[in-house]
Amino acid sequence: MTDLDQLIDGCIASRESRLEDWDTLGFQAKAGEEFKRAQVRYIGSGATGDHETDDRILPSEHFTFSNMRLPAGAIGPEHTHHDVEEVFFVLEGELEVTVHDVADGTRTASRVLGYRDLIRVPAGVPRSLRNAGDTDALFCVVIGAQKPQLPTYPPTSPMHGITRD
């Protein structure tokens, strides 16, 4: 095997080698079954915690990339990434993305995204997700840092006060 073969092989994360991880965000189901969702990591661990021992994940240098599976009727709770922007790119289904007023969180604006639609949410803007269809939604999540800070859950979020334990 040549150096170039090793280089390219070390840069590939095949779909077949990915796992749907329902446990990483499983603590959110403490607030209700509608918060169950799966993360499929490709580059880095996203902002979900420590996955250093998962040798299937390609190392992150400047951003993280994962897929998220949001079952029909499921919700991604309101949360804020204070240090990074976050991008959602829809592969399957319909995803309603809501941004929340930074000052009080009660004013919102929502848009429904479909196949190949993308939204970029700036750092510091609270956001939430909802599967707007009747089938699973599958979408890419890109977070703009090698190791983002864990997100926070504002008082208006159903996750506020819920712990990861």
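Note that the structure is predicted; figures quoted are calculated from it, not measured. (Residues numbered from 1 in each chain as written. Predicted model: local features only at pLDDT ≥ 70, side-chain atom pairs only at ≥ 80, totals over all residues. Heavy atoms only, no water.)

Draft legend 1. View of the sheet that holds strand β3 (residues 75-79). Ordered by their spatial adjacency, 4 strands build an open sheet running β3-β8-β5-β6, and the pairing between neighbours is antiparallel. Of all strands in the sheet, those with a lone pairing partner are β3 and β6 (108-113), marking the two edges. Across the sheet, the axes of successive neighbouring strands diverge by a mean angle of 15°, strand direction being ignored. Bridge count for strand β5 (residues 95-100) against strand β8 (residues 127-131) is 5 bridges, and the pairing is antiparallel. Of the residues in β8, the one forming a bridge with Val 97 is Leu 129. (Pairing = 2+ DSSP bridges. Helix = DSSP H or I, 4+ residues; strand = E, 2+ residues; numbered from the N terminus. Axes fitted to C-alpha atoms, helices over the stretch in contact; angles between N-to-C directions.)

Draft legend 2. Geometry of the layout of surface pockets. The computed volume of the largest pocket comes to approximately 210 Å³. As for the largest pocket, its lining consists of Gly 44, Ser 45, His 51, Glu 52, Asp 54, Ile 57, Pro 59, Ser 60, Gln 146 and Lys 147. Among the residues forming the lining of the largest pocket, the class breakdown is 2 nonpolar, 5 polar and 3 charged. Surrounding the second largest pocket, Arg 15, Arg 18, Leu 19, Glu 20, Val 40, Tyr 42, Asn 67, Arg 69 and Leu 138 form its lining. (1 Å grid on protein atoms, 1.4 Å probe; cavity = no way out; pocket = protein on both sides within 12 Å on 5 of 7 lines; lining within 4 Å. Points joined across faces, edges and corners; volume = space filled by probe spheres on them. Nonpolar A, V, L, I, M, F, W, Y, C, P; charged D, E, K, R; others polar.)

Draft legend 3. Fine view of the state of the cysteines. Enumeration according to the criterion identifies 0 disulfides in this entry. Left without a disulfide partner, Cys 11 is nearest to the cysteine sulfur of Cys 140, which lies 18 Å away. For Cys 140, a relative accessible area of 9% gives the class buried. (Disulfide = S-S within 2.5 Å. Buried < 20%, exposed > 50% of the residue type's maximum accessible area, 1.4 Å probe, protein only.)

Draft legend 4. Representation of the nonpolar core. Judged by nonpolar contacts, the single largest core of 23 residues is most densely connected at Leu 70, Phe 88, Leu 95, Leu 129 and Phe 139. Of all the elements in the fold, those that place two or more residues in this core are β2 (64-70), β4 (86-92), β5, β7 (118-121) and β9 (137-143). No other element matches β9, which puts 4 residues into this core. When sequence neighbours within four positions are dropped, the list of residues in contact with Phe 139 reads Ser 66, Asn 67, Met 68, Leu 70, Phe 88, Phe 89, Val 90, Leu 91, Leu 95 and Leu 129. Val 40, Tyr 42, Ile 43 and Leu 58 belong to the second-largest nonpolar core, a separate cluster that totals 5 residues. (Core = buried A, V, L, I, M, F, W, Y, C linked by side-chain atoms within 4.5 Å. Contact = heavy atoms within 4.5 Å.)

Don't take any of this as a statement about function, it's just geometry.
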